[in-house]
Amino acid sequence: MKELDLGIEGMTCASCSSRVERALNKLEGVSEASVNLASERATVRFDEEAVDAERIAETVSETGYAPLIAEYEIGVGGMTCANCSSRVERKLNKLPGVVTATVNLATERATVRYFPETVTPRGIAATISDTGYEPRPLEEEAGEQDPGARRARSLAAMRRDLWIAAGLTVPVLFLAMGAMVVPGLHELLAAAEPWPGAWDWTQLVLTTLVLAIPGRRFWGPGLQAYRQGSPDMNSLVATGAGAAWLYSLGVVVAPGLFPAEARGLYFESAAVIVTVILFGKYLEEVAKGRTSQAIRKLVGLQAKNARVLRDGVEEEVPVSRVQVGDWLVVRPGERIPVDGRVTEGSSYVDESMLTGEPEPVVKAAGDELVGGTVNQYGVLQLEATQVGSDTVLAQIIRLVERAQGAKLPIQGLADRVVRVFTPVVLGVAVLTFLLWLAFGPAPAITLALVSAVAVLVVACPCAMGLATPAAIMVGTGRAAELGVLFRKGEALERLSEVDTAVFDKTGTLTEGRPRLTDLETADGETAGALRLAAAAEAASEHPLGAAVREAADGRGLNIPEAEGFEAVPGHGVRAEVDGARVLVGSARLLTEHGVDASAWAGRASALAGAGKTPILLAVDDTVQAVLAVADPLKAEAAAAVAALRERGLRVAMITGDNRATAEAIARRAGIDEVRAEVLPDGKAEAVEAMQGASRRIAFVGDGINDAPALAQAEVGVAVGTGTDIAIEAADVTLSRGSLDGVVTALDVARRTLSTIRGNLFWAFAYNVVLIPLAAGVFYLPFGWHLNPMMAGVAMGLSSLFVVSNSLRLRRMRPVRLSGEGGHVPAAEPEADATPARAA
């Protein structure tokens, strides 16, 4: 039985705590649960074989309360293969208080969700250490000036060991096999031998040094993995090289114990195995370093120092010491150190890192600045508004790191295989040795030993462990460079499988800057009608209302105060202006308030058919005017829809607009399926209805009022504007605001998943083919055999192939849509209408 403490939020009375307590006690496997209202804590005793911490947390959530769950990310050093990451993951998941733990081999990080009342980060680090690996708190890594310093030191140490191993192995290889390639060398070595057996002892000493110095990185972790009952790559290498060395040692020290025909030495196999595998791991580490290039580029955008104004004097300080409210000075050519607001000065700022647009943006007093962008010309003074981890750039880095550390559902198969793979390989090696020893040609011990060692070396599961995370790292990193931010790594797999793209209209397919295009009144006098409509819309936050207000402002009208304002979501507004009841909105709004709008139905229908949104104005139960607002399609909208269709997706649109307007916009965008007159809270229901027809949906919206639909869809894609990158409801955020990014995101997801499938196929197929070859299955019929040296080369190449295949994703290019057929100019206004400025 395990005991678990967890905090619970939201309980307000005794009935709350009793309800949670009853729900927990009903769980199968829970022997006792008590909930304390005062401390807001629950103590649960449970059988971990019957129920786990995650199910306990879900039960608390299902009762309507929030279990306190923290998330901790920590580096894990010393992992070399999928068995390593799998073992650490299993140990962490068994730790009382841990809800879920995932370990990523490629990023060398563990992400742990846990109950802080039961377990602490220190306990998590201790568990990693007890498992035989090095816990590396990310705070310590962040303290290093150079983010790549630790990797550089690790590579330098590996390179040193590689040179030592190679320097010691070459003489061993020369003594053992030189005579096979250099005629007469055997006789020369025999003549130069100081005493009988001297060259054998030389090989023994040199090989022992190889195993003891550069090979030590395999022995410690490998033996510890054996002790914990979960052998890994280190165990296989140590066993293979150790068996060859131990057998050869016996032949040198006590040759009389062996028949004359079985006194072969295999020192060169042991030495070469260590050297070749070290070389392969070194190349793999170099390649893995390139997979995190996107993160390094993003980190490189952060300013190191800032000029802070203190009592009117500039003081240069590390950017980590800047606080919210500080006043900073940024000179031409310098990076903006933190997010802020311009207080003095004007300049052009290069924001291409966020928007992808090469043209600099004018910034003056009151404008927002984003840390990491570059001030080009003038001197700017700014007030810091977001610092440290709250800046836009820090959020982007955090999103990319989180996506790179994710574990995709497709990786489940590899995890299940890896869990049993190494024990099976050990069994195959033992069986291979015994069968060849019993039935092999004389000297049987030679083929038995060589085959068993080859099986151990060639079957290291490194490639399996890297197949998924390496591709995720490169794919999500490259996506971030292209303006596509995956909040969750799982969104990669889900996006690759969608069959329908559903677009919101306003602000997504359209510019989101509607303007008044038409205004018709019963008496031909438009100023008064526009004045009343603008007054009623004064407090409205809807874009259509803003277009009406701006049209009135543009004509210089004096807008009176409105009273009793009330917005009717999806329909319009009502208010009292100058003592009259004013309704501004759809025909449905007027009908619901007893106003007959049938005389204006024809004109409203004609405007809607032209792709405009008709708005009726009623004053004291009489329709006085019809207004029309148009929101032009984005230039690339039609091209984006066409590109998605070319990729096999169905495309639909959901909007609150009336059907005629919606269908007109859809026709221009090339969309056949339209769901119109859907209220904001009905978008999620519309998406759910499509899912009920077995469709997998990617919903594309602006990330604010579309949050329910973004969350309901298999993948929510939020079209941001450069700074709106932390939209919680979306799985994917397009930081550059263009619909090109939707197609780019789909291509990235499909290419990444295709690469993962290729990696997994290679990793599995490689072992399926090479393990039987190493075991000697093809030796008797064809004479084919894999010696331990070549097995080491093959093992290294398999990992290198997986990483190199993943690195091909760095060559992905963004989709650039021409916009032909997608650009729809705004409708020209009637003669009596005044166009408003773009909102």
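Residues numbered from 1 in each chain as written. Predicted model: local features only at pLDDT ≥ 70, side-chain atom pairs only at ≥ 80, totals over all residues. Heavy atoms only, no water.

Caption draft 1: Region of the structure containing the overall build of the protein chain. Looking only at helices and strands, the protein chain features 30 helices and 30 strands. Once the C-alpha set of the protein chain is aligned to its principal axes, its extents read approximately 120 × 65 × 65 Å. Looking at the 839 residues of the protein chain, the share that counts as buried comes to 52%. Contacts in the protein chain between residues at least 24 apart in sequence constitute 70% of all its contacts with a sequence separation of at least 6. Put simply, the protein chain shows about 35,600 Å² of open surface, and 55% of that area lies on carbon and sulfur atoms. Counting 78 positive and 100 negative side-chain charges, the protein chain places the averaged centre of each group 7 Å from the other. (Helix = DSSP H or I, 4+ residues; strand = E, 2+ residues; numbered from the N terminus. Buried < 20%, exposed > 50% of the residue type's maximum accessible area, 1.4 Å probe, protein only. Contact = heavy atoms within 4.5 Å. Areas by Shrake-Rupley, 256 points an atom, 1.4 Å probe, with all protein chains shown as cover. Lys, Arg positive; Asp, Glu negative; His and termini not counted. Charge placed at Lys NZ, Arg CZ, Asp CG, Glu CD.)

Caption draft 2: Representation of the packing of aromatic side chains in the model. All told, the structure shown has 7 aromatic pairs when counted by the stated rule. Their ring planes at 40° and their centres at 4.6 Å tell us that Trp-762 and Phe-801 sit as a pair that is tilted. In this pair, Trp-762 is assigned in helix α28 (residues 740-775) and Phe-801 in helix α30 (residues 788-807), connecting sequence segments 39 residues apart. For Trp-762, a relative accessible area of 32% gives the class partly exposed. Phe-801 sits in the partly exposed class, given a relative accessible area of 36%. Note on Phe-782 and Trp-784: the rings are 4.8 Å apart at their centroids and 25° apart in plane angle, and the pair reads as stacked. Joined through ring pairs, the aromatic side chains of Trp-762, Tyr-766 and Phe-801 make up one cluster. (Phe/Tyr/Trp six-rings, centres within 6.5 Å; stacked < 30°, edge-to-face > 60°.)

Caption draft 3: Quick peek at the UniProt feature "transmembrane region" (unreviewed entry) in the protein chain. According to UniProt, the feature "transmembrane region" (unreviewed entry) maps to residues 162-186, 198-215, 236-258, 264-283, 417-439, 445-468, 760-782 and 788-807 in the numbering used here. Split by type, residues 198-215 is 83% helix and 0% strand. Its first and last C-alpha atoms lie 24 Å apart. Annotated as 78% helix and 0% strand, the span residues 236-258 places its first and last C-alpha atoms 26 Å apart. (UniProt positions renumbered as here; feature names shortened; annotations may be inferred.)

Caption draft 4: The pairing of strand β10 (residues 313-318), seen in detail. Strand direction decides the pairing type here: strand β9 (residues 305-310) and β10, joined by 6 bridges, are antiparallel. Within β10, the position partnered with Ala-306 by the bridge is Val-317. With antiparallel pairing between neighbouring strands as the criterion, β9 and β10 make up a hairpin whose turn holds 2 residues, including Asp-311 at a positive phi of roughly 55°. (Pairing = 2+ DSSP bridges.)

Caption draft 5: Local environment of a nonpolar patch on the surface. A contiguous nonpolar patch, built from Ile-164, Val-205, Leu-209 and Ile-213 and spanning about 280 Å² of accessible area, is present on the exposed surface. Relative to the helices and strands, Leu-209 resides in helix α8 (residues 198-212). Looking at Leu-209, the relative accessible area reads 35%, which means it is partly exposed. (Patch = residues over 30% accessible without salt bridge, like charges linked within 9 Å, V, L, I, M, F, W, Y side chains within 5 Å. Salt bridge = Lys/Arg side-chain N within 4 Å of Asp/Glu carboxyl O.)

Caption draft 6: Region of the structure containing the packing of helix α18 (residues 490-497) against α28. Packing of α18 against α28 leaves a shortest axis separation of 8 Å and a crossing angle of 105°. Here α18 is positioned roughly perpendicular relative to α28, judged by the angle of their axes. Contacts from Leu-492, Glu-493, Leu-495 and Ser-496 of α18 reach α28 at Ala-745, Leu-746, Val-748, Ala-749, Arg-750, Thr-752 and Leu-753. A per-class count over the contact of α18 with α28 returns 7 nonpolar, 2 polar and 2 charged. (Axes fitted to C-alpha atoms, helices over the stretch in contact; angles between N-to-C directions. Parallel < 35°, antiparallel > 145°, perpendicular 65-115°, else oblique. Nonpolar A, V, L, I, M, F, W, Y, C, P; charged D, E, K, R; others polar.)

Caption draft 7: Highlighting empty space enclosed by the protein. A complete count under the given rule lists 4 cavities of 30 Å³ or more for this structure. Empty space within the second largest cavity amounts to approximately 60 Å³. Lining the second largest cavity are Leu-495, Ala-501, Leu-644, Leu-649, Ala-698, Val-717, Val-742, Ala-745 and Leu-746. In terms of residues, the lining of the second largest cavity owes the most to one element, α28, which gives 3 residues. Of the residues in the lining of the second largest cavity, the class split is 9 nonpolar, no polar and no charged. (1 Å grid on protein atoms, 1.4 Å probe; cavity = no way out; pocket = protein on both sides within 12 Å on 5 of 7 lines; lining within 4 Å. Points joined across faces, edges and corners; volume = space filled by probe spheres on them.)

Caption draft 8: Representation of a positive patch on the surface. Positive charge collects at one region of the surface, where Arg-751, Arg-808, Arg-811 and Arg-813 lie side by side. Following the sequence through the fold, Arg-811 ends up in the segment after α30. Taking relative accessible area as the criterion, Arg-811 reaches 57% and is therefore assigned exposed.

Caption draft 9: A look at the UniProt feature "domain: HMA" (unreviewed entry) in the protein chain. Here, the residues flagged by UniProt with the feature "domain: HMA" (unreviewed entry) are residues 2-68 and 70-136. What you have in residues 2-68 is 33% helix and 34% strand, and the ends, taken at the C-alpha atoms, are 19 Å apart. Secondary structure within residues 70-136 divides into 34% helix and 36% strand; the distance between the first and last C-alpha atoms comes to 18 Å.

Caption draft 10: Structural view of the pattern of salt bridges. For the structure on display, the rule yields 31 salt bridges. For Arg-109, the salt bridge is made with Glu-73, and the minimal N-O distance between the two is 3.7 Å. Highlighted residues: Arg-109 in strand β7 (residues 109-114) and Glu-73 in strand β5 (residues 70-77), separated in sequence by 36 residues. Of the residues examined, Arg-109 reaches a relative accessible area of 19% and is grouped as buried. Since its relative accessible area comes to 25%, Glu-73 is described here as partly exposed. The partner of Glu-673 in a salt bridge is Arg-695, with the nearest N and O atoms 2.9 Å apart. Of this pair, Glu-673 sits in strand β27 (residues 673-675) while Arg-695 sits in the loop between α26 (683-692) and β28 (697-701), placing them 22 residues apart in sequence. Each of Arg-160, Asp-161, Arg-216 and Arg-217 takes part in salt bridges that share partners, so that together they form one network.

Caption draft 11: Spatial organisation of helix α2 (residues 53-62). Those residues of α2 lying buried are Ala-53, Ile-56, Ala-57, Thr-59 and Val-60. Projection of α2 onto a plane perpendicular to its axis shows the buried side chains occupying an angular sector of 155°, all on one side. In this structure, the buried side of α2 is in contact with β1 (2-9), α1 (14-25), β3 (41-46), β4 (66-67) and β6 (98-104). (Arc of directions from axis to C-beta.)

Caption draft 12: Fine view of the sheet that holds strand β16 (residues 374-375). Spatial ordering of the open sheet is given by β14-β13-β16, a layout of 3 strands whose pairing is antiparallel. Taken across any chain shown, the strands that pair with only one partner, and hence form the sheet edges, are β14 (361-363) and β16. The pairing of strand β13 (residues 347-350) with β14 spans 3 bridges and is classified as antiparallel. Each bridged residue has a counterpart across the sheet, and for Tyr-348 the counterpart in β14 is Val-362.

Caption draft 13: Geometry of the environment of Ser-129. When you line up the elements, Ser-129 lands in helix α4 (residues 121-130). Put simply, Ser-129 and Ser-799 are 670 residues apart on the chain and 26 Å apart in space, counted from C-alpha to C-alpha.

Caption draft 14: Representation of the sheet that holds strand β12 (residues 339-344) within the structure. One open sheet holds the 6 strands; their spatial order is β10-β9-β11-β17-β12-β15, and the pairing between them is antiparallel. Every other strand in the sheet has two partners, leaving β10 and β15 (368-369) as the edge strands with one partner each. Examined bridge by bridge, β12 and strand β17 (residues 380-386) share 5 bridges and lie antiparallel to one another. By the bridge assignment, Arg-341 is partnered in β17 with Glu-383.

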